[in-house]
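Each chain, letter by letter, is given below.
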Amino acid sequence: MANHSNHSHGHDEAHAHGSLKSYIIGFILSIILTIIPLVVVMNHMMDPIPTIFVIMITAILQFVVQLFFFMHVRERQGNQPRWNVMALIFGLAIVLVVVSGSIWIMTYNGVGY
Amino acid sequence: MAQAVSQNDHGHHDHGHHDPQELKMLGFWIFLITDVILFGTLFATYVVLHHNTAGGPSGADIFEMPGVIAETFILLTSSFTSGLAVLAMNKGKVKQLIGWLVVTWILGAAFIYLEVDEFAKLIHEGHGFSGSAFLSSFFTLVGTHGLHVSMGLGWMLLLIIQLSRRGINDVTRGKINVISLYWHFLDAVWIFLLSVVYLMGVM
């Protein structure tokens, strides 16, 4: 414990590598966010469009939960910029362009559908 | 421990100096971002092609949700246990660390077993990789994730062996932090596989 470097920054993140509590909270939230779309889909509770919204919103929320509670995306060294967050935002922007651009083009292509 | 010393002077960070372990974590993080883009392209391909079944089955015809739901909760739990392994490591408990890694490994292996079983059934029923554009994109997308998990299993096995021989030191500590991040990442990718491929496929 004493030789673990991240514990010297108590003011920044109370527990730099997460605590048992944060892992358990993340795990429970993930389970809840997995069960919600499963129940909605398996019981045919909603029309297709609202169902897609529920699936995507719970998926994105669970991704955020994992980023914060499991992957500790807010963790950083001292006053350095959050390079990992910047890289992530850049990567997600590329994915957004690739996925939405592909759907957009192929919808009007006539080959895709 | 030079890194501990350099971190104890609050607010006086030399911007030219980086902790090598932190740099490795950042480097691995950047690799994960490139993997995000890889999966992004495969998701785009799947979303575009999944209506093109060439007269064959669609997702609703072939997806068996009980197995998929089991895979989901197995992988989610293994992500949690890999986090517990890191917590045990931070407390310096090497036996607990190896124990949680073994649990994580077994859950990961169970996940791969279920996925291989699913693929084998589909191929046996004649719905193989070359059946249609839908099936090609499905096997490529889900298979690439499965390949990542399989490689993670091999990597984790080697780390368990190294830990049992050398215990927790600066080198193994860095490696465990990295593989834990990798494992959480694979779980995050699976959330979107479950959502986009399976849930939207059977709804």
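The structure displayed is predicted, hence computed values, not measured ones.

Draft legend 1. View of the overall build of chain B. Scanning chain B from N- to C-terminus turns up seven helices and zero strands. Ordering the α and β elements of chain B from the N terminus gives α-α-α-α-α-α-α. Dimensions of chain B, computed from the C-alpha atoms along their principal axes, are close to 65 × 35 × 25 Å. By residue count, 53% of the 203 residues in chain B fall in the buried class. The contacts in chain B between residues at least 6 apart in sequence include a share of 80% that link residues at least 24 apart. For chain B, the exposed area adds up to about 8,700 Å²; of that, 66% sits on carbon and sulfur atoms.

Draft legend 2. The arrangement of helix H4 (residues 65-90) of chain B in detail. Residues and elements named next belong to chain B. If you check H4, its first and last C-alpha atoms are 38 Å apart, about what 26 residues at 1.5 Å a residue would give, namely 38 Å. Summarising burial for H4: 20 of the 26 residues are buried, a large majority. Following H4 by one or two positions, Gly92 has its phi on the positive side, about 80°.

Draft legend 3. Examining the side chain of Ser82 of chain B more closely. The residue Ser82 of chain B is located in helix H4 in this model. When sequence neighbours within four positions are dropped, the list of residues in contact with Ser82 of chain B reads Thr104, Ser180, Trp183 and His184 of chain B.

Draft legend 4. A look at the pattern of salt bridges. Residues and elements named next belong to chain B. Counted under the stated rule, the structure contains two salt bridges over all chains. The partner of Asp117 in a salt bridge is Lys121, and the shortest N-O contact between them spans 3.6 Å. With a gap of four residues between them, Asp117 and Lys121 both fall in helix H5 (residues 94-124), about one helical turn apart. The exposure class assigned to Asp117 is partly exposed, which follows from its relative accessible area of 30%. With a shortest N-O distance of 2.9 Å, Asp170 and Arg173 are connected by a salt bridge. Of this pair, Asp170 and Arg173 both sit in helix H7 (residues 170-202), separated by three residues, roughly a single helical turn. On the basis of relative accessibility, which here comes to 14%, the residue Arg173 falls in the buried class.

Draft legend 5. Fine view of the UniProt feature "transmembrane region" (unreviewed entry) in chain B. Mapped onto the present numbering, the UniProt feature "transmembrane region" (unreviewed entry) falls at residues 26-49, 69-90, 97-114, 134-160 and 181-201 of chain B. Counting secondary structure, residues 134-160 of chain B comes out at 100% helix and 0% strand; the distance between its end C-alpha atoms is 39 Å.

Each value, and the rule that gives it
- Residues numbered from 1 in each chain as written.
- Chains lettered and ligands numbered in written order.
- Predicted model: local features only at pLDDT ≥ 70, side-chain atom pairs only at ≥ 80, totals over all residues.
- Heavy atoms only, no water.
- Helix = DSSP H or I, 4+ residues; strand = E, 2+ residues; numbered from the N terminus.
- Buried < 20%, exposed > 50% of the residue type's maximum accessible area, 1.4 Å probe, protein only.
- Contact = heavy atoms within 4.5 Å.
- Areas by Shrake-Rupley, 256 points an atom, 1.4 Å probe, with all protein chains shown as cover.
- Expected span 1.5 Å × (residues − 1).
- Salt bridge = Lys/Arg side-chain N within 4 Å of Asp/Glu carboxyl O.
- UniProt positions renumbered as here; feature names shortened; annotations may be inferred.

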